[in-house]
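Here's the letter readout for the chains.
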Amino acid sequence: QVQLVESGGGLVQAGGSLRLSCAASGRTFVMGWFRRAPGKEREFVAGINWSGGATYYADFVKGRFTTSRDIAKNTVYLQMNGLKPEDTAVYYCATGPRQVLRDRRQYGTWGQGTQVTVSS
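All values reported here derive from a predicted model rather than from experimental measurement. (Residues numbered from 1 in each chain as written. Predicted model: local features only at pLDDT ≥ 70, side-chain atom pairs only at ≥ 80, totals over all residues. Heavy atoms only, no water.)

Draft legend 1. Region of the structure containing the overall build of the chain. Looking only at helices and strands, one finds zero helices and 11 strands in the chain. Listed by position from the N terminus, the elements making up the chain come as β-β-β-β-β-β-β-β-β-β-β. Along the first, second and third principal axes, the C-alpha set of the chain runs to 40 × 30 × 25 Å. Considering the chain as a whole, with its 120 residues, one finds that 48% of them fall into the buried category. Intrachain contacts of the chain at a sequence separation of at least 6 include 56% that bridge at least 24 residues. Taken as a whole, the chain presents about 6,200 Å² of accessible surface, with 46% of it coming from carbon and sulfur. (Helix = DSSP H or I, 4+ residues; strand = E, 2+ residues; numbered from the N terminus. Buried < 20%, exposed > 50% of the residue type's maximum accessible area, 1.4 Å probe, protein only. Contact = heavy atoms within 4.5 Å. Areas by Shrake-Rupley, 256 points an atom, 1.4 Å probe, with all protein chains shown as cover.)

Take a look at the structure:
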């Protein structure tokens, strides 16, 4: 089973940027990004198909976040610009389905998560 390792989280001021990485131990098809804020359920943030040719975003990150992938490196990225305090959460990458789905229950393999904290 493929393993996923996220990195790139940290503390940033509002309006700042971070780039998260998700390195897979093998080839993956769809990769999804999710986040869980304190007291909230894990929610879909973005997704990318196997080739990187199709990307999907939650409405609350459109225009601010961009996901991409380097197939040769088995790595997916989440570039986060214009960060807001409400973006504070643990961010996870996940894989499993053959097409991008927004339902976290469809993803069977998850990384350990990386903390993103945005100060006001």
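Now that the structure is up, let's keep going.
Draft legend 2. Quick peek at the pattern of salt bridges. Counted by the stated rule, this structure contains six salt bridges. Of the charged contacts, one joins glutamate 41 and arginine 104 as a salt bridge, the two residues approaching to 3.7 Å between their closest N and O atoms. Residue glutamate 41 is found in the loop between strand E4 (31-36) and strand E5 (43-48), and its partner arginine 104 is found in the loop between strand E9 (89-95) and strand E10 (109-110); the two are separated by 63 residues along the sequence. For glutamate 41, a relative accessible area of 60% corresponds to the exposed category. Residue aspartate 59 pairs with lysine 62 through a salt bridge whose shortest N-O separation is 3.3 Å. With respect to class, aspartate 59 is no different from lysine 62; both count as exposed. (Salt bridge = Lys/Arg side-chain N within 4 Å of Asp/Glu carboxyl O.)

Draft legend 3. Layout of the environment of glycine 52. Structurally, glycine 52 can be placed in the loop between E5 and strand E6 (55-57). Accessibility expressed as a relative area gives 30% for glycine 52, which makes it partly exposed.

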